[in-house]
Structure formats: C-alpha cells, structure tokens
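Observations on the three-dimensional arrangement
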Amino acid sequence: MSTSSKLVVITGASSGIGEAAAELLHSKGYKLLLLARRLERMQEFVKQHSMTEQDTLIAQCDVTQVDDIKKAIDHAQDHFKLPVDCLINNAGVMYLQQLADQSLQRQETMISTNVNGILNGINVVLKSMLERQTGTIINISSIAGKKSFGNHVAYCGTKFAVHGLTEALRSEVSGSKVRVIVIAPGVTQTELLGHNDKDQVDPYEDWKKTMSLGVLKSEDVAASILFAYEAPPHVCIREIALAPTEQRD
Ligand code: NDP
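Heads up: these notes are all about the structure in this document. (Residues numbered from 1 in each chain as written. Predicted model: local features only at pLDDT ≥ 70, side-chain atom pairs only at ≥ 80, totals over all residues. Heavy atoms only, no water.)

Attention now moves to the packing of aromatic side chains. A complete count under the given rule lists 3 aromatic pairs for this structure. Taken together through their ring pairs, the aromatic side chains of F149, Y204 and W207 make up a single cluster. (Phe/Tyr/Trp six-rings, centres within 6.5 Å; stacked < 30°, edge-to-face > 60°.)

Below, the structure written as structure tokens:
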C-alpha cells in the first residue's frame, strides 16, 4: 500500500518533535492530521511547507478532551476516506521542580496531558485497528520514562506510565497484528523546557551546554519515528531509546 493511502495522526504537532515528524512524514507522502491547541502555529506551518487539504488537515485539539480528538479524527477519516493507520501520541508537557514545591495543578496538567492524553488518543483509534487487524500506535515517552532525574518526580511518573501502558497494550493487541511502540528521547532542543521558571531553566540550559556535540534535534527523533513506523508489518520495533552521545544519565 502506498504512503498516500495511509492516514497518520500526530498530536502535539504545533512545535518541536511533532512538527518535525509532520514535515518528514509529509515529505514521504503520508496523509496527515495534525493536532494541537495552537491552531495559528499549525496554520503557519502548513502554509510554509505548501501542505494542502489534499494531504494535510489541522485541527485545534486539547488531548485531555477525548471528544476533541474524536471529532478531529472522524472528520479526517471522512475527508480522506481512509482509516487511521498510525497514531503518534506525542503531545506532552514537562514541569520541573522539587516535588514538595510543585503545585498539584502542574502535576495534574502533566498527568492529564502525558498519560490521559495518550489513553484518549488510543481510545479513539484502537477498536477500529483491532477490527481491521492492522495499525500502529507510537507513544512518545522519554529517557525520564526509564530512569530518574532530579526535579523530575511527577514528569518521570508520567513517562514511566507511558512505558508501562505501552508495553501492556503491545502485549494485549499483538495477536490482532496491531503494533504499539514507545520512543524514548533524551534531551532534545524544543520548546518543552520553556514553560518552566527561570530557576529550573538556567541549570538545565547549562547542562545542555556541557554536551559539545549538541543535544538531539527534533529531526533526529522524527527520523526514529519514521524508522519504527516503516518497519515491515511483521516487525514491531517495541522501543527506541535515543539520546545525545554526551548525555551520561
Ligand atoms: P514542545 O513543547 O515543542 O511540543 C509539545 C507539543 O505538545 C506542542 O505541540 C503542544 O502544542 C502540545 N501539547 C501540549 N499540551 C497539549 C494538550 N493539552 N493538547 C494538545 N497538545 C498539547 O516539546 P517537544 O517537542 O519536546 O515534546 C514532544 C514530546 O516529546 C513530549 O511528549 C515530551 O515529553 C517528549 N520528550 C521531549 C524531550 C525533550 O528534551 N524536548 C525529551 C524526551 C521526551 P500546543 O501547546 O499548541 O497545544
């Protein structure tokens, strides 16, 4: 089946890794549905890359709201006359702080976005994939979903959850030929850190500067997403962990 007859949904496509994945998958000919809350950013992005409604739809969507995701996916499936072949659950937020100082509201935002957001996306596409006996779900976790880092307690909790739910679901649906994959990047240059207070941002930026070869680019992570997705149907790349060469932990 050609790439142009496959519909891929990317959440968190208004910046960083999601945007880079959108650019790469578009260049390979896939039909795309891009989801995020900042509609104007996606409008600007599709214009810049000469994407048209023949190949790419965008929709304002908060992944914590399952109805937002369902409405956008229903519309895209009607528009392209294709079912979702791949869901890339990429939307995420990261607030760093000592747990004792962090507001419950920030912790809840991370849980509802990084965990419930993923379960919401899966809820919308999974039954159809199981019925069709095909489909790929790619969840973006983090190295912080495999090991702990200072000031990362709640964020690590959400990303360990992503690893756990991915592996449990992978096993559960393997007999239905649906692939469930987790990708765990290390430090990547994006807007993710920008939502934090200066006392968190400055030491993190100093840490990044110690890596003289540079941290990951969004494009590096996008390439790993495409690699996992384009493996032949009998191959499930269960996990990819990638990080800057000089990232010790
Ligand atoms: P960005 O901040 O650049 O991108 C995050 C994306 O998530 C944005 O498009 C944002 O869009 C979207 N998003 C956030 N909250 C919501 C929501 N409630 N509903 C819909 N979309 C939402 O950061 P990254 O590209 O780095 O992050 C992408 C993923 O990669 C995240 O899951 C992150 O945890 C993970 N990651 C990042 C690493 C890094 O070092 N950068 C390392 C490891 C993992 P909008 O605000 O418009 O809704």
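Taken together, 29 residues lie around the ligand, and S14, S15, R37, Y155 and T190 are the ones closest in. Taking N90, its main chain carries an N or O atom lying 2.8 Å from an oxygen atom of the ligand. Relative to its free-state accessible area of 880 Å², the ligand is covered by the protein chains to the extent of 96%. Mapped by element, the contributors of at least two residues to the shell around the ligand are α1 (16-27) and α5 (153-173). Class assignment of the residues belonging to the shell around the ligand gives a composition of 12 nonpolar, 12 polar and 5 charged. (Near = heavy atom within 4 Å. Polar contact = N/O pair within 3.5 Å; in protein donor to acceptor, adjacent residues only side chain to side chain. Areas by Shrake-Rupley, 256 points an atom, 1.4 Å probe, with all protein chains shown as cover. Helix = DSSP H or I, 4+ residues; strand = E, 2+ residues; numbered from the N terminus. Nonpolar A, V, L, I, M, F, W, Y, C, P; charged D, E, K, R; others polar.)

Ranked by internal contacts, the top residues of the largest apolar core, which has 33 residues, are I10 and I183. Those residues in contact with I10, other than ones at most four positions away along the chain, are G18, A21, A22, L25, L32, L33, L34, L35 and I88. (Core = buried A, V, L, I, M, F, W, Y, C linked by side-chain atoms within 4.5 Å. Buried < 20%, exposed > 50% of the residue type's maximum accessible area, 1.4 Å probe, protein only. Contact = heavy atoms within 4.5 Å.)

With a phi close to 55 degrees, Q133 is a non-glycine residue in the positive phi region. Examined against the element boundaries, Q133 turns out to sit in the loop between α4 (104-132) and β5 (136-140). One non-glycine residue, K177, adopts positive backbone phi at about 65 degrees. Among the secondary structure elements, K177 is positioned in the loop between α5 and β6 (179-185). A relative accessible area of 55% places K177 in the exposed class.

Time to look at the pairing of strand β4 (residues 84-89). By the criterion of burial, β4 is predominantly enclosed, with 6 of the 6 residues buried. In the sheet, strand β1 (residues 7-11) pairs with β4 via 4 bridges, with the strands oriented parallel. Following the sheet pairing, I10 is matched in β4 by I88. Alignment of β4 against β5, held across 4 bridges, turns out to be parallel. Note that in β5 the partner of I88 across the bridge is I138. (Pairing = 2+ DSSP bridges.)

This part takes up the pattern of salt bridges. What the rule picks out here adds up to 10 salt bridges. A salt bridge links E167 to R170; the nearest nitrogen and oxygen atoms lie 2.9 Å apart. One end of the pair, E167, and the other, R170, are both in helix α5, 3 residues apart, so they sit about a helical turn from each other. Residue R170 is classed as buried on the basis of its relative accessible area, which comes to 11%. (Salt bridge = Lys/Arg side-chain N within 4 Å of Asp/Glu carboxyl O.)

This paragraph deals with the packing of helix α3 (residues 66-80) against α4. Taken N-terminus to C-terminus, the directions of α3 and α4 make an angle of 40 degrees; their axes are 9 Å apart at the nearest point. Classified by the angle between their axes, α3 and α4 sit oblique to one another. Along this stretch, α3 crosses α4, giving a crossing that reads as right-handed. Counted together, V66, I69, K70 and I73 of α3 and G117, N120, G121, N123, V124 and V125 of α4 form the full contact between these two elements. Of the residues in the contact of α3 with α4, the class split is 5 nonpolar, 4 polar and 1 charged. (Axes fitted to C-alpha atoms, helices over the stretch in contact; angles between N-to-C directions. Parallel < 35°, antiparallel > 145°, perpendicular 65-115°, else oblique. Left-handed = near helix turned anticlockwise from the far one by under 90°.)

Let us look at the sheet that holds β6. Within a beta sheet, neighbouring strands are joined by backbone hydrogen bonds and run either parallel or antiparallel to one another. If you walk across this open sheet you meet the 7 strands as β3-β2-β1-β4-β5-β6-β9, and the pairing is parallel. Whereas interior strands pair on both sides, the edge strands pair on one side only; in this sheet they are β3 (56-60) and β9 (239-242). Averaged over all adjacent pairs, the angle separating strand axes in this sheet is 15 degrees, with direction ignored. Two elements, β6 and β9, share 4 bridges in a ladder whose sense is parallel. Residue pairing across strands places V182 opposite E239, the latter belonging to β9.

Structurally, A154 is set in helix α5. Along the sequence, A154 and Q107 sit 47 residues apart, while their C-alpha atoms lie 6.0 Å from each other. Excluding residues that lie within four positions of it along the chain, A154 makes contacts with L99, Q102, Q107 and M110.

Here we take up the side chain of D55. Mapping D55 onto the fold places it in the loop between α2 (39-48) and β3. Among the polar contacts listed, one links the side chain of D55 to the side chain of H26, at a separation of 3.3 Å. At 2.7 Å, the side chain of D55 forms a polar contact with the side chain of T56. Dropping the residues within four chain positions of it, D55 is found in contact with H26, Y30, K31, L32 and F80.

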